[in-house]
Amino acid sequence: MADIDKRLRQLCEQINYHAYRYHVLDDPVISDAEYDRLIIQLQQLEAEHPELITPDSPTQRVGGLASDKFPKVRHPAPILSLANAFDGDAVRAWWARISKLAPAGRKVSFTVEPKIDGLTVVLHYRDGVFVQGATRGDGIIGEDITPNLRTVKALPLRIPVHDGSRRKPPAVPARLVVRGEAYITLANFEEINKRQQAAGARTFANPRNAAAGMLRQLDSRVTATRPITLLTYAVVDTDGLLPRAQFELLEYLRALGFPVTDIARRFDALDAAIAYADSWVDKRARLPYEADGMVIKLDELDLQAQLGVVGKDPRGAIALKFPAREATTQLLDVGINVGRTGVLAPNAVLEPVNVGGVTIERATLHNFDDIARKDIRIGDRVIVKRSGDVIPYVAGPVIGARTGKEKKIAPPKTCPFCDTPVERRAAEVAIYCPNRDCPGRLDRQVGHFVGAMDIEGMGAKIVQQVIESGLVRDVADLYSLKRDDLLQLEGFADKKTDNLVAAIAASKGRPLSQLIYALGIRHVGGVAAEALAAHFGSLSRLLKARPEELESIEGVGPTIAASIVEWTSNPRNRDLVEKLRRAGINPRENVGTAAKAASGPLSGKTFVITGSLTQPRDEIAATIKSAGGKVTDSVSKKTDYLVVGESPGSKLTKAEGLGVTILDEAALKRLLAGKR
Ligand code: IVH
């Protein structure tokens with residue numbers, strides 16, 4: 001037993017170390033596959049000896065269901081805020097005020113750090129083990145979100161994390177309470193909002209709200225699938241010895257294994273500190289997270305403590321805020337785009353305005369529910385925001401600037417492109433144009449078809465040209481494009497034309513699964529398309545399929561089945577299939593795909609993918625298949641892994657129940673990385 005305990009502890013330490021190299025240092029020293037082998041070993045040992053599982057075990061990052069609301073935690077010391085300055089002069093004035101309070105003649109320096117716009121977290125360690133994590137709350141009492149924070153991979157579950165160097169880490173105090181910011185990167189924020197919008201779901205107003213929402217999930221299994229990360233910058237309480245200066249404190253935290261910013265600098269002169277802080281105004285786009293300024297801190301911690309607090313702000317530090325990446329302007333009109341699936345997405349036509357150095361004329365309005373909730377009206381002065389490279393969005397109206405002439409924005413009752421009555425789908429905020437042939441979305445349909453059928457050399461611009469010229473009114477028309485027709489279009493010379501005609505012709509022989517996917521039937525992605533192709537063997541048989549037969553296919557559930565029946569019962573779609581057949585589209589039956597990819601790091605393993613991920617599911621499925629894995633659409637006893645993205649839903653619950661291994665995208669990448 002003692003041996004097993006020792007082995008378990010070794011494994012935990014190794015895995016925590018490699019997780020640290022990966023998530024904090026960004027510098028892994030073993031392959032993802034090796035990492036996964038360690039995890040699997042640990043999981044097996046723990047399954048055999050559940051009584052030996054410790055709270056710092058990396059397997060405990062997966063999370064579970066919190067009882068009810070979050071319990072309250074009293075912070076060991078007030079979690080203070082920061083006073084703001086908007087220019088260098090205000091920082092100098094701050095120092096002029098407080099330097100009088102410092103002992104005369106004492107030499108001081110300043111540490112400058114980024115001010116991360118995330119969610120403040122207070123992390124408690126007992127004898128080096130992470131035991132509790134809380135939100136800031138009102139600064140005195142916060143909420144206990146320990147299970148959620150445990151899922152944050154950059155957060156050390158046990159310190160010191162051995163960093164592989166020969167340098168000895170500092171001694172770990174029995175009690176250590178560390179403060180930091182939990183956040184999501186701008187790239188992840190943008191990605192999440194895109195997916196939320198495409199799925200007709202609520203979007204997050206900014207990265208901080210997104211991070212807060214994710215961390216305050218009651219089900220920490222959901223948090224576990226979210227890309228939350230962390231930077232730490234202060235010690236709230238300890239019974240150990242601390243460095244005497246802020247700059248060294250950052251190094252101390254880093255040496256213990258906490259993630260710490262690497263752009264902090266120390267200066268002897270305040271002007272140099274201000275200049276450094278200012279230099280980040282132009283460089284802020286380089287930061288992967290939203291920073292709303294730089295914090296200038298008196299480096300000497302004893303002096304900081306002596307200077308005390310005004311209200312909720314410590315006197316010894318100040319935030320120099322970046323100029324806002326927001327502006328107000330007039331909302332001139334609301335335009336509507338039709339997505340490929342028919343989502344009608346409103347966008348703002350704006351009086352051009354400079355937002356943080358970029359002129360903005362269009363911004364997203366997300367969806368009509370959002371417009372109503374924020375009460376945005378045409379003619380309003382509106383606040384336009386941009387963070388990082390995120391698409392600009394309208395945050396809300398300036399109600400005080402109303403003249404009474406503003407016009408309310410009603411969601412359209414019919415599609416602005418084809419007059420078809422719009423539809424709302426249960427539990428979605430988006431409205432749809434149900435007309436498959438809506439001219440508003442023909443370009444997307446054709447674009448999707450061209451991509452799915454691998455028609456080489458046919459980019460968005462050409463798609464636009466053939467539609468605008470009237471040559472293509474549905475996807476089947478692609479196959480009647482003649483050389484002479486194309487030659488009349490702008491930019492078409494002999495060679496380009498011949499290549500395109502050849503590429504289109506070549507696509508006629510694509511496998512049936514590709515064709516089924518290319519049709520753009522709602523909910524039918526690449527995985528379902530393959531299952532359908534394998535089952536029916538031809539389009540004409542698919543057209544005749546009844547719901548019961550469809551649902552009997554592994555990987556086709558009621559939603560997909562209903563969507564297919566809806567599609568195939570539309571006479572226009574039946575005509576389209578006939579037209580494709582006459583055009584000579586003769587898809588091969590899908591045989592032998594399973595055999596082809598049988599070898600590879602994932603061979604013999606069955607995967608299900610759920611939730612929205614950062615890549616289209618079909619791409620992820622294709623990657624898994626190319627590594628020898630099998631992908632199905634529903635979780636069963638035969639499923640080895642569930643790959644989860646945003647909003648995983650019932651598949652996750654079912655998989656948990658069956659003891660299926662849950663992977664997030666990063667874990668999948670590691671698993672795949674037998675190659676990496
Ligand atoms: S120091 C005594 N440093 O900004 C410690 N705060 O607007 C006072 N923040 O709620 C805070 N990055 O959570 C400090 N490098 C940083 C920070 C930082 C972000 C947050 C902090 C606070 C908010 C104040």
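See the structure shown above.
Along each chain, the written sequence defines residue order, and numbers are assigned to residues from 1. It should be noted that, the model being predicted, local features are given only for residues of pLDDT at least 70 and side-chain atom pairs only at 80 or more, the latter also being counted only at that level, while totals for whole chains, interfaces and linings use all residues. Hydrogens are left out, water is left out, and the side-chain values use all remaining heavy atoms of the structure.

Q: Looking at this structure, I do not really get the overall build of the chain. What am I missing?
A: Think of it this way: any DSSP run of H or I at least four residues long counts as a helix, any run of E at least two long counts as a strand, and we number them from the N terminus. Assigned secondary structure in the chain consists of 25 helices and 26 strands. Two things to know: the radius of gyration comes from C-alpha atoms, and the globule rule equals 2.2 Å times the number of residues to the power 0.38. Here the chain has a C-alpha radius of gyration of 29 Å; the compact-globule value for 676 residues is 26 Å, and the two agree. Along the longest, intermediate and shortest principal axes, the C-alpha atoms of the chain span 90 × 75 × 50 Å. The long-range fraction of contacts in the chain, counting pairs at least 24 apart against all pairs at least 6 apart in sequence, stands at 68%. In this count, Lys and Arg are taken as positive residues and Asp and Glu as negative ones, while His and the chain termini are left out. Here the site of a charge means atom NZ of a Lys, CZ of an Arg, CG of an Asp or CD of a Glu. Of the side-chain charges in the chain, 93 are positive and 83 negative, and the distance between the mean point of each set is 1 Å. In what follows, residue pairs with any heavy atoms lying within 4.5 Å of each other are defined as contacts.

Q: Which parts of the structure should I look at to understand the site of the ligand?
A: Consider each residue's heavy atoms; a residue with any of them within 4 Å of a molecule or strand counts as near. Surrounding the ligand, one finds 13 residues, the nearest of these being E113, T120, E181, Y233 and K297. Between the ligand and T120, the relevant distance is 2.6 Å, taken from an oxygen atom to a side-chain nitrogen or oxygen of the residue. Measuring from a nitrogen atom of the ligand, one finds a side-chain N or O atom of K297 at 2.8 Å. Coverage of the ligand by the protein amounts to 86% of the 530 Å² it exposes when considered alone. Every element with two or more residues in the shell around the ligand is listed here: β3 (110-116), β7 (175-183) and β10 (291-298). As used in this structure description, the phrase polar contact means that two N or O atoms lie within 3.5 Å; if the pair is within protein, one of them must be able to donate a hydrogen and the other to accept it, and residues adjacent in sequence are counted only when both atoms belong to side chains. Surface accessibility in these figures is a Shrake-Rupley result with a 1.4 Å probe; residues are shielded only by whichever protein chains are displayed.

Q: How do you make sense of unusual backbone geometry when you look at a structure like this?
A: A negative phi angle characterises most non-glycine residues, just as the trans form characterises most peptide bonds. A cis amide bond links I159 to the next residue, P160, at an omega of -5°. Position of P160 relative to the elements: it lies in the loop between α4 (146-150) and β7. Despite not being glycine, H366 has its phi angle at roughly 60°, a positive value. Even without a glycine there, the phi angle at D454 is positive, about 55°.

Q: Whenever I open this one, the nonpolar core confuses me. Can you help?
A: Taken as a class, soluble globular proteins show a tendency for nonpolar side chains to be buried jointly. Among buried residues, the Ala, Val, Leu, Ile, Met, Phe, Trp, Tyr and Cys ones that are joined through side-chain atoms within 4.5 Å form a nonpolar core. The cut-offs for exposure are 20% and 50% of the maximum accessible area for each residue type, with area from a 1.4 Å probe on protein chains only; residues under the lower value are buried, those over the upper are exposed, and the others partly exposed. Core analysis: the biggest nonpolar cluster contains 52 residues, and L478 and L532 have the highest contact counts within it. Among the elements that line this core, the one with the most residues is helix α17 (residues 526-536), at six residues. Y125, A154, I184 and A264 belong to the second-largest nonpolar core, a separate cluster that totals 37 residues.

Q: Teacher, can you tell me more about the packing of helix α3 (residues 88-99) against helix α9 (residues 270-283) here?
A: To describe two helices that pack against each other, one gives the angle between their axes and the distance between the axes. Lines fitted to C-alpha atoms define the axes here, with helix axes fitted over just the stretch in contact, and angles between the N-to-C directions of these axes take values from 0 to 180 degrees. It is the contact of α3 with α9, at a shortest axis distance of 10 Å, that shows an interaxial angle of 145°. Of the two possible hands of crossing, α3 and α9 adopt the one that is right-handed. Across the interface between the two elements, G88, V91, R92, W94 and W95 of α3 pack against L270, D271 and I274 of α9. Asp, Glu, Lys and Arg are counted as charged, while Ala, Val, Leu, Ile, Met, Phe, Trp, Tyr, Cys and Pro are counted as nonpolar; the rest, among them Gly, fall into the polar class. Of the residues in the contact of α3 with α9, the class split is five nonpolar, one polar and two charged. Crossing handedness is read from the near helix: turned anticlockwise from the far helix by less than a right angle, it gives a left-handed crossing, and turned clockwise, a right-handed one.

Q: Explain helix α5 (residues 186-198) to me, please; I cannot follow it from the model alone.
A: Because the α-helix completes a turn every 3.6 residues, residues three or four places apart line up on one side. Take the number of residues in a helix, subtract one, and multiply by 1.5 Å to get its expected span. For α5, built from 13 residues, the straight-helix expectation of 18 Å at 1.5 Å per residue is met to within 8% by its first-to-last C-alpha distance of 18 Å. If you check which residues of α5 are buried, you get L186, F189, I192, N193, R195 and Q196. Against the buried residues of α5 lie α6 (207-215).

Q: Mind showing me how you'd approach the side chain of H18 here?
A: For H18, the location among the structural elements is in helix α1 (residues 2-23). Apart from the residues lying within four places of it in its own chain, the contact partners of H18 are V29, I30, Y35 and L38.

Q: What should I look at first to understand the packing of helix α12 (residues 439-452) against helix α13 (residues 460-468) in this one?
A: The N-to-C vectors of α12 and α13 enclose an angle of 130°; their axes lie 10 Å apart at closest approach. Here α12 is positioned oblique relative to α13, judged by the angle of their axes. Handedness of the α12/α13 crossing: right-handed. Each of L442, D443, V446, G447 and V450 in α12 lies in contact with α13, whose residues at this interface are V463, Q464 and I467. Here roughly perpendicular refers to angles of 65 to 115 degrees, roughly parallel to angles under 35, roughly antiparallel to angles over 145, and oblique to all remaining angles.

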